[in-house]
Amino acid sequence: MTSTPQTVEFSGAGGITLIADEWNRGTQTPASRPTILMLHGGGQNRFSWKNTGQILADDGFHVIALDSRGHGDSDRAPDANYDVETLTADVMRVLNAIDRPVVIIGASMGGLTGILAADRAGPAKVIKLVLVDVVPRFEKQGSARIRDFMMSGLDGFETLEQAADAVAAYLPYRKKPRSPEGLKKNLRLRDGRWYWHWDPAFMTKPGDDPELRTENFEHAARNLAVPVLLIRGRLSDVVSPEGVKHFLATVPRAEFVELSNAGHTAAGDDNDAFSDAVVQFVERS
């Protein structure tokens, strides 16, 4: 039986409204089956998880795919506060609202937020964690390439085809869709131009100390007492084999899967293989 997602609201830190898609809302899910909370990467939105969310829902899980503040349909932060501590505070409020055991699946920014949230919530609330192509010691060159791609679209695009060309240049290993219509989930038409559906202030406001941030992520990751699955795209320039090795050596209950036909955007690059790895991990008792 196929479950259809509903659009729901959560209250984030400072009363900000966060939008999510929720599958199997109101369904009596057995205690042995946790809720799945999916956190997208920077510049993405909840629709990044559409296929995997549907697969998990059809498998009987209660699934929530969240738009982070400033992304998708969630509120923009009035003070442009998008630092990772605030993102984590948002997730903590969502975990409290769910009020049952949760598996967090986080990609890139969502994965780093997930590490902090899982550590703070404790193993009774966050019982497993899936990290999608992200580790605390990520590659600065790959991260800079993401930033360059996101900054290049701040002025918008004349057509959807132009946006599709920009994505194809950023992801040369991914087959370009025949039609750019699917990008409408990630763009909004405004004054005759197409703009990415996230707050530009997310990129332009000064960030915090990157070295201190890495330390915080590593400390939280070492503290994790729950099973952790790290999924890397073999073509990724954000997570290196060395970064994987260090992560597995320092995180007590971590395991690793590599997707041969995927890069940093692993869930979208090879969704079948990605979903298979996730389902096997979350179903295991």
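Up top is the structure.
What you are looking at is a predicted structure, and each value in this text was computed from that prediction instead of being measured.

What counts, and at which threshold
- Residues numbered from 1 in each chain as written.
- Predicted model: local features only at pLDDT ≥ 70, side-chain atom pairs only at ≥ 80, totals over all residues.
- Heavy atoms only, no water.
- Helix = DSSP H or I, 4+ residues; strand = E, 2+ residues; numbered from the N terminus.
- Rg over C-alpha atoms; globule rule 2.2 N^0.38 Å.
- Buried < 20%, exposed > 50% of the residue type's maximum accessible area, 1.4 Å probe, protein only.
- Contact = heavy atoms within 4.5 Å.
- Pairing = 2+ DSSP bridges.
- Axes fitted to C-alpha atoms, helices over the stretch in contact; angles between N-to-C directions.
- Polar contact = N/O pair within 3.5 Å; in protein donor to acceptor, adjacent residues only side chain to side chain.
- Phe/Tyr/Trp six-rings, centres within 6.5 Å; stacked < 30°, edge-to-face > 60°.
- 1 Å grid on protein atoms, 1.4 Å probe; cavity = no way out; pocket = protein on both sides within 12 Å on 5 of 7 lines; lining within 4 Å.
- Points joined across faces, edges and corners; volume = space filled by probe spheres on them.
- Nonpolar A, V, L, I, M, F, W, Y, C, P; charged D, E, K, R; others polar.

## Here's the deal with the overall build of the chain
Item 1. Each helix and strand in the chain was counted, giving ten helices and ten strands.
Item 2. By the compact-globule yardstick of 19 Å for 285 residues, the chain fits well, its C-alpha radius of gyration being 18 Å.
Item 3. Overall, the chain is about 50 × 40 × 40 Å in size when its C-alpha atoms are taken along their principal axes.
Item 4. By the burial criterion, 52% of the 285 residues in the chain qualify as buried.
Item 5. Looking at the chain alone, contacts between residues at least 24 apart form 75% of all its contacts between residues at least 6 apart.

## Some points on the sheet that holds strand β10 (residues 254-259)
Item 1. Overall, mixed pairing links the eight strands, which are arranged β1-β2-β4-β3-β5-β6-β9-β10 in an open sheet. Both outer strands of the open sheet, β1 (6-11) and β10, are each paired with one neighbouring strand and no more. With strand direction ignored, the average angle separating the axes of adjacent strands in the sheet is 20 degrees.
Item 2. In this structure, strand β3 (residues 35-39) lies alongside strand β4 (residues 62-66), joined through five bridges in parallel fashion. Counted as the bridge partner of Leu-39 is Leu-66 from β4.
Item 3. Against the sheet, helix α2 (residues 84-98) makes contact with β1, β2 (17-23), β3, β4, β5 (102-107) and β6 (126-132), and its axis sits at roughly 160 degrees relative to β3, the strand it touches most.

## Some details on the environment of Asp-237
Item 1. Here Asp-237 lies in the loop between β9 (228-233) and α8 (241-250).
Item 2. Along the backbone, Asp-237 and Gln-141 are 96 residues apart, and their C-alpha atoms lie at a distance of 7.3 Å.
Item 3. When near neighbours in sequence (up to four residues on either side) are disregarded, Asp-237 contacts Glu-139, Gly-142 and Arg-145.
Item 4. A distance of 2.8 Å separates a polar atom in the side chain of Asp-237 from a polar atom in the side chain of Arg-145.

## Description of the packing of aromatic side chains
Item 1. In the structure shown here, the tally under the stated rule is six aromatic pairs.
Item 2. Seen in terms of ring centroids, Phe-149 and Trp-196 are 6.0 Å apart; in terms of plane orientation they differ by 55 degrees. Their pairing is tilted. With Phe-149 in helix α4 (residues 140-152) and Trp-196 in strand β8 (residues 193-196), the pair connects residues that are 47 residues apart, well separated along the chain. Judged on exposure class, the residue Phe-149 and its partner Trp-196 are both buried.

## Re the pairing of β2
Item 1. For β2, a buried count of six out of seven residues is recorded, marking the element as mostly surrounded by other parts of the structure.
Item 2. Note: β1 against β2, six bridges, orientation antiparallel. In the strand pairing of β2, Val-8 is matched with Ala-20.
Item 3. Here β1 folds back onto β2, and the loop between the two strands holds five residues, one of which, Gly-14, carries a positive phi near 75 degrees.
Item 4. Inspection of the sheet shows β2 paired to β4 by four bridges, in the antiparallel sense. By the bridge assignment, Glu-22 is partnered in β4 with Ile-64.

## Topic: empty space enclosed by the protein
The rolling of a water-molecule-sized probe over the atoms marks out the regions of remaining empty space.
Item 1. According to the stated counting rule, one finds two cavities of 30 Å³ or more in the structure shown.
Item 2. Estimates place the volume of the largest cavity at around 80 Å³.
Item 3. Around the largest cavity sit Leu-18, Leu-39, Leu-66, Ser-68, Arg-69, Leu-87, Asp-90, Val-91, Met-109, Gly-110 and Thr-113, which together line it.
Item 4. Of all the elements in the fold, those that place two or more residues in the lining of the largest cavity are α2 and α3 (109-121).
Item 5. Here the lining of the largest cavity is built from residues that sort into six nonpolar, three polar and two charged.
Item 6. For the lining of the second largest cavity, the secondary-structure elements that each account for two or more residues are α7 (210-223) and α8.
Item 7. For the lining of the second largest cavity, the leading source of residues is α8, giving four residues.
Item 8. Counted by class, the lining of the second largest cavity contains five nonpolar, three polar and three charged residues.

Everything listed here is a matter of geometry and, on its own, says nothing about what the molecule does.
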